[in-house]
Amino acid sequence: EKYPFDVLWMDAGWYGPDREVKNSEYISGSDWARTVGDWRVNRIPHPGGLRPVADAAHRAGMKFMLWLEIERIRPDTPIASAHPEWLLRCPDNEADLLLNLGHPDACQWAIDTVSHIIENEGVDYYRQDFNFNTLPFWRQADAEDRQGVTEAKYIAGLYHFWDTLRKRYPDMLIDNCASGGRRIDSETMSRSICLWRADLLGRPWFDSSECNHTQILGLTQWVPLHSGGTTVAPGDLYGFLSGVASGVSCGICCFPDREQLAAATRMMPFFLHDFYPLTSNSGDYREFCAYACIDRQQQQGFLIVFRRPQTSSDSITLRLPGFAPGEKYLFERFGSPAPELYTGESLSNFTAILPEPRSCALWFFRKA
């Protein structure tokens, strides 16, 4: 359909013993969590491996991103039987084992396993998930007078694992998912990007709109590069644009319309420039939410305003930053036929009118 997507992302469930997998099992009945650690491609849905999927994505001009959770091992997987000495255990969680990346041989196995999949299956971007609490495993491994030693060695091994992959595949992006945004720290972010800031899947499961633009308003002040799942429904610009940051993720079962994608494609590059929160970030459904991204060098950017579902007023007056008093600026409201001209002075009190609750307005602007 020639949608302008950058990446085709395959998430959990492609691996493990050869077996039938029903599409209806994706949420409630899926066995994806019961087969982590067995990183053989399931040949029933993928008789030729994942390479045909990657090749199809490449022919369509997209990259191919693949999900793994390399640190978690289930007890009945081959690696658990072959190398129990590589694994950490915890009596409070007998369903999971932790691959001890502080053990040099275990860390090398992780490097070799992921590298093999990247090279054999045509993977361009690597998504590393992390879905359980590891602190009890680390504490269980140390005596009382040595608490923290296993954890420190483990984290050093994790950095070595990522650094080795980055050296081998310098053009490969790494997504640090971790159940959605739970590894956004300076060391992790120096090696990877947060492509899934929270487990907000969006429709058809639930409406993630208010959560998304609340997160974007706060997180972007500290983390310039991030993405997440967005709500997609026909004609729902509010839901879709709520999730747009420097990236945006859409479920393959519910594509946005082309106008929505066109807006997102224009917005995303401006997140690489200056970000300005224009309202408080209380998360209150009775308040407006607004922010702007501005490329100061080119004197252009965008402004977006969300009227949340319980907001009683139909307008908000904003003080837009950095517009020169003696200059003029063209403001193009997305979906409107013609741009409007504003002076820099007038933009110190810019009034946005949104007649309907749960609606948004998006303006692109540039120096006239």
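Refer to the preceding data block for the structure.
### Thoughts on the overall build of the protein chain
Working step 1: Looking only at helices and strands, the protein chain has 10 helices and 15 strands in total.
Working step 2: Taking the principal axes of the C-alpha coordinates as reference, the protein chain spans close to 70 × 50 × 40 Å.
Working step 3: Counting only residues that meet the buried cut, the protein chain has 48% of its 368 residues in that class.
Working step 4: Restricting the contact set of the protein chain to residue pairs at least 6 apart, pairs at least 24 apart contribute 66%.
Working step 5: Of the roughly 17,600 Å² of accessible surface on the protein chain, a fraction of 51% belongs to carbon and sulfur atoms.
Working step 6: A distance of 3 Å separates the average location of the 36 positive side-chain charges in the protein chain from that of its 47 negative side-chain charges.

### Overview of the pattern of salt bridges
Working step 1: Here the structure, examined in full by the defined rule, presents 15 salt bridges.
Working step 2: Two residues, Arg-168 and Asp-112, come together in a salt bridge whose shortest N-O distance is 3.9 Å. A residue pair is termed long-range when its members are at least 10 positions apart, and Arg-168 in helix α5 (residues 149-168) and Asp-112 in helix α3 (residues 104-121) qualify at 56 residues.
Working step 3: For Arg-168, a relative accessible area of 39% corresponds to the partly exposed category.
Working step 4: Judged by relative accessible area, Asp-112 falls into the partly exposed class, the value being 39%.
Working step 5: Notably, a salt bridge pairs Asp-236 with Arg-358, separated by 2.9 Å at the nearest N-O pair. One end of the pair, Asp-236, is in the loop between α8 (209-219) and α9 (237-241); the other, Arg-358, is in the loop between β14 (350-353) and β15 (359-367), and 122 residues separate them in sequence.

### Re the sheet that holds strand β2 (residues 63-68)
Working step 1: Read across the sheet, 4 strands follow the order β1-β2-β6-β7 without closing on themselves; strand pairing throughout is parallel. The sheet terminates laterally at β1 (7-10) and β7 (174-175), the two strands that pair on one side only.
Working step 2: Looking at chain direction, β2 and strand β6 (residues 125-128) are connected through 4 bridges and run parallel. Residue pairing across strands places Met-65 opposite Tyr-125, the latter belonging to β6.

### Considering the packing of α3 against α5
Working step 1: For the pair α3 and α5, interaxial distance at closest approach is 10 Å and the crossing angle is 35°. Of the two possible hands of crossing, α3 and α5 adopt the one that is right-handed. Only Gly-157, His-160, Phe-161, Thr-164, Leu-165 and Arg-168 of α5 make contact with α3, whose side of the interface consists of Cys-107, Gln-108, Ala-110, Ile-111, Asp-112, Val-114 and Ser-115.

### Examining the sheet that holds strand β8 (residues 274-277)
Working step 1: Taken together, 6 strands build an open sheet; the order of strands is β8-β9-β10-β15-β12-β13 and the sheet is antiparallel. Both edges of this open sheet fall to β8 and β13 (340-343), since each of them pairs with a single strand only. This sheet shows a mean twist of 25° between the axes of neighbouring strands, independent of strand direction.
Working step 2: Relative to strand β10 (residues 300-307), strand β9 (residues 288-295) runs antiparallel, the two sharing 8 bridges. Across the sheet, Ala-290 pairs through a bridge with Val-305, a residue of β10.
Working step 3: α8 rests against β8, β9 and β10 of the sheet, and its axis sits at about 45° to β9.
Working step 4: Here helix α10 (residues 258-267) sits on the sheet and contacts β10, β12 (328-333) and β15; the angle it forms with β15, its principal contact strand, is near 45°.

### Describing the side chain of Gln-260
Working step 1: For Gln-260, the position within the fold is in helix α10.
Working step 2: With near-sequence residues (within four places) excluded, Gln-260 lies in contact with Ala-233, Gly-235, Asp-236, Leu-237, Phe-240 and Leu-241.

### Quick notes on the pairing of β6
The side chains of a regular strand alternate between the sheet's two faces.
Working step 1: Neither face of β6 is open: one carries Tyr-125 and Arg-127, the other Tyr-126 and Gln-128, and all of them are buried.
Working step 2: Sheet topology places β6 next to β7; 2 bridges connect them, and they run parallel. In the sheet register, Tyr-126 faces β7, and the bridge partner there is Ile-174.

### Side note on the packing of aromatic side chains
Working step 1: Counted by the stated rule, this structure contains 28 aromatic pairs.
Working step 2: Judged by centre distance (5.3 Å) and plane angle (80°), the ring pair of Trp-9 and Trp-196 falls under edge-to-face. Separated by 187 residues along the polypeptide, Trp-9 in strand β1 and Trp-196 in the loop between α7 (186-189) and α8 bring together distant segments of the chain.
Working step 3: Ring centres of Tyr-15 and Trp-67 lie 5.7 Å apart, and the angle between their planes is 15°; on these two criteria the pair is classed as stacked. Taken together, the positions of Tyr-15 in the loop between β1 and α1 (51-59) and Trp-67 in strand β2 put the pair 52 residues apart, joining distant regions of the chain.
Working step 4: Classification of Tyr-15 by relative accessible area gives buried; the value is 0%.
Working step 5: Assessed through its relative accessible area of 0%, Trp-67 is described here as buried.
Working step 6: Taken together, the ring pairs connect Tyr-238, Phe-270, Phe-271, Phe-275, Tyr-291, Phe-302, Phe-306 and Phe-364 into an aromatic cluster.
Working step 7: Here the guanidinium or amino end of Arg-266 rests over the ring plane of Phe-364, the centre of that ring lying 3.9 Å away.

Here is what the cut-offs are and how they apply
Residues numbered from 1 in each chain as written. Predicted model: local features only at pLDDT ≥ 70, side-chain atom pairs only at ≥ 80, totals over all residues. Heavy atoms only, no water. Helix = DSSP H or I, 4+ residues; strand = E, 2+ residues; numbered from the N terminus. Buried < 20%, exposed > 50% of the residue type's maximum accessible area, 1.4 Å probe, protein only. Contact = heavy atoms within 4.5 Å. Areas by Shrake-Rupley, 256 points an atom, 1.4 Å probe, with all protein chains shown as cover. Lys, Arg positive; Asp, Glu negative; His and termini not counted. Charge placed at Lys NZ, Arg CZ, Asp CG, Glu CD. Salt bridge = Lys/Arg side-chain N within 4 Å of Asp/Glu carboxyl O. Pairing = 2+ DSSP bridges. Axes fitted to C-alpha atoms, helices over the stretch in contact; angles between N-to-C directions. Left-handed = near helix turned anticlockwise from the far one by under 90°. Phe/Tyr/Trp six-rings, centres within 6.5 Å; stacked < 30°, edge-to-face > 60°. Lys NZ or Arg CZ within 6 Å of the ring centre and 35° of its normal.

These figures capture arrangement, not role.
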